[in-house]
Amino acid sequence: MEGIRMRAAWIEVDLEALRKNIRYLKSKIGPTTKFMAVVKANAYGHGMCPVAQILREEGCDQFAVALVQEGVLLRENGFQEPILVLGHVFPEEYQQILAHNLSVSIDTLEQAEELNDVALQFGSRISIHLKIDTGMGRLGFLPNQSSLEQICEILKLPGLMVDGIFTHFATAPQISDTSYCWHQFHLFEEFLKELEKKEVHIPLRHASNSGAAILFPQMQLDMIRPGTALYGLYPGEELEGQAGISLTPVLSVKAKLARVKPVPSGTRVSYSSTFTTKCPSTLGVVPMGYVDGIFRSLANKGEVLLHGQRCPMVGNICMDQFVIDITHIENPKVGDEVVIIGKQGTEEITAEEIGRKAGTISIEILCDLGERMPIHYLN
């Protein structure tokens with residue numbers, strides 16, 4: 001797809017910035033604490049295999065993905081590190097798990113028994129991590145007596161290796177109120193103690209996502225599991241601008257200006273005419289649209305950078321293009337660089353800023369960047 005690769009709208013991924021974030025997170029953990037990097041969703045839009053290669057070079061111990069096919073892609077590209085599938089796995093995927101030596105998150109005895117049967121059928125064993133729901137309300141064993149009994153039964157299954165046990169925090173990035181995060185952690189600790197009383201010793205205990213890895217070193221246990229912070233994104237708004245938190249954005253989004261269009265006062269712009277010029281103006285057309293991840297909710301709210309200055313998005317976002325007001329820009333030309341996410345001169349537009357304006361979060365902004373956007377790797 002040469003035309004897509006050479007497209008005049010693109011993503012830039014700064015691999016040196018990625019290395020800085022990895023090293024910062026590793027500086028937060030002890031020498032024996034392992035590092036599981038979350039690379040699901042195409043590494044949050046950054047490109048899973050190139051990102052995984054840098055993580056490997058920086059000493060990452062394990063990878064986490066959401067889907068079996070993501071784990072298979074890593075294996076097919078030569079990654080032999082342990083890979084944990086965080087999401088629910090269905091019976092039709094069991095043989096793929098076995099064939100590609102993937103680890104599975106388990107939260108029911110029934111699923112464990114199904115996996116055990118498949119493993120024994122092929123004369124093999126499957127690695128599993130037990131998921132404990134301490135307050136997220138999604139997947140996971142509840143930390144109660146029934147779950148203890150089920151886990152003891154799972155440990156007897158000869159086709160399974162219980163390599164890990166973990167939970168996931170709902171509010172780790174909050175600084176103003178850490179009580180719920182600590183409540184979850186203490187529930188997890190108490191559950192682990194109950195397992196120890198039954199002489200259940202599981203090698204890897206992990207709970208810390210990005211927010212907890214940064215804020216709560218006491219929670220690192222045997223392994224941390226960062227995702228968001230790897231990519232220079234703040235796990236929560238309260239962490240932005242905090243002293244001592246050193247994250248560098250890895251991804252930028254850029255395009256070439258496609259048109260410079262002088263128009264008279266009273267010109268209506270784009271579908272539904274949601275914007276009308278109030279004076280003689282100069283409009284610019286950017287060759288990206290909502291199919292590329294420019295949220296329609298940014299209409300008449302979002303901004304981009306041109307010549308190091310902010311320019312408002314005006315009118316509705318179209319499928320393949322949007323319009324900006326560049327009246328105040330001196331001598332704009334077709335082909336000039338437009339920055340949607342990133343720095344230009346002394347100005348910067350972050351994914352967090354765009355997320356707030358679009359009514360969402362930074363992760364969704366990056367994960368929604370379209371397949372038509374080629375990724376250029378720097379450094």
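This text goes with the structure placed above it.
Given the structure is predicted, the values throughout are model-derived calculations rather than measurements.

1. Details of the packing of helix H2 (residues 15-26) against helix H4 (residues 48-57)
Here's step 1: The contact between H2 and H4 brings their axes to 10 Å, and the two run at 45°. Judged by the inter-axis angle, H2 sits oblique to H4. Our pair here, H2 against H4, has a crossing hand that is right-handed. Contacts between H2 and H4 involve Leu15, Leu18, Arg19 and Ile22 from the first element and Val51, Ile54, Leu55 and Glu57 from the second.
Here's step 2: Here the residues of the contact of H2 with H4 sort into six nonpolar, no polar and two charged.

2. Considerations on the pairing of strand S18 (residues 337-344)
Here's step 1: A large share of S18 lies buried, amounting to six of its eight residues.
Here's step 2: In the sheet, strand S10 (residues 251-256) pairs with S18 via four bridges, with the strands oriented antiparallel. Bridging across to S18, Lys254 finds its partner in Val339.
Here's step 3: Pairing between strand S15 (residues 303-306) and S18: two bridges, direction antiparallel. In the sheet register, Leu306 faces S18, and the bridge partner there is Val338.
Here's step 4: Direction of pairing for S18 relative to strand S19 (residues 347-349): antiparallel, over a ladder of three bridges. Along S19, the bridge assignment pairs Lys343 with Glu348.
Here's step 5: Connecting S18 to the next strand, S19, in antiparallel fashion are two residues, including Gly345 with a positive phi near 65°.

3. Remarks on the pattern of salt bridges
Here's step 1: Considering all chains together, one arrives at 19 salt bridges under this definition.
Here's step 2: Across the pair Asp292 and Arg7 runs a salt bridge, and its minimum N-O distance is 2.8 Å. On the criterion of sequence distance, the pair formed by Asp292 in the loop between strand S14 (281-286) and S15 and Arg7 in the loop between helix H1 (2-5) and strand S1 (9-14) is long-range, its members being 285 residues apart.
Here's step 3: The exposure class assigned to Arg7 is buried, which follows from its relative accessible area of 17%.
Here's step 4: With a closest N to O distance of 2.9 Å, Asp320 and Arg372 form a salt bridge. Placement of Asp320 in the loop between strand S16 (309-314) and strand S17 (322-325) and of Arg372 in the loop between helix H12 (362-367) and strand S20 (375-378) is noted, with a sequence separation of 52 residues between them.
Here's step 5: Using a relative accessible area of 29% as the deciding quantity, one classes Arg372 as partly exposed.
Here's step 6: By sharing partners, the salt bridges in this structure join Glu303, Arg310, Glu347, Glu353 and Lys357 into a single network.

4. Structural notes on the packing of aromatic side chains
Here's step 1: Following the criterion strictly, the structure yields four aromatic pairs and no others.
Here's step 2: With a centroid separation of 5.9 Å and an interplanar angle of 85°, the aromatic rings of Trp182 and Phe185 are classed as edge-to-face. Residue Trp182 and its partner Phe185 are located together in helix H9 (residues 179-197), separated by three residues, close to a single helical turn.
Here's step 3: Accessibility expressed as a relative area gives 22% for Trp182, which makes it partly exposed.

5. A look at the sheet that holds strand S7 (residues 160-166)
Here's step 1: Here we have eight strands rolled up into a closed barrel, ordered S2-S3-S4-S5-S6-S7-S8-S9, and parallel in their pairing.
Here's step 2: When strand S2 (residues 34-38) meets strand S3 (residues 62-65), the two strands line up parallel, connected through three bridges. When the bridges of S3 are listed, Ala37 appears paired with Phe63.
Here's step 3: In the packing of helix H7 (residues 109-121) onto the sheet, contacts are made with strand S5 (103-106), strand S6 (126-131) and S7, and the angle to S5 comes to roughly 155°.

Basis of the calculations
Residues numbered from 1 in each chain as written. Predicted model: local features only at pLDDT ≥ 70, side-chain atom pairs only at ≥ 80, totals over all residues. Heavy atoms only, no water. Axes fitted to C-alpha atoms, helices over the stretch in contact; angles between N-to-C directions. Helix = DSSP H or I, 4+ residues; strand = E, 2+ residues; numbered from the N terminus. Parallel < 35°, antiparallel > 145°, perpendicular 65-115°, else oblique. Left-handed = near helix turned anticlockwise from the far one by under 90°. Contact = heavy atoms within 4.5 Å. Nonpolar A, V, L, I, M, F, W, Y, C, P; charged D, E, K, R; others polar. Buried < 20%, exposed > 50% of the residue type's maximum accessible area, 1.4 Å probe, protein only. Pairing = 2+ DSSP bridges. Salt bridge = Lys/Arg side-chain N within 4 Å of Asp/Glu carboxyl O. Phe/Tyr/Trp six-rings, centres within 6.5 Å; stacked < 30°, edge-to-face > 60°.

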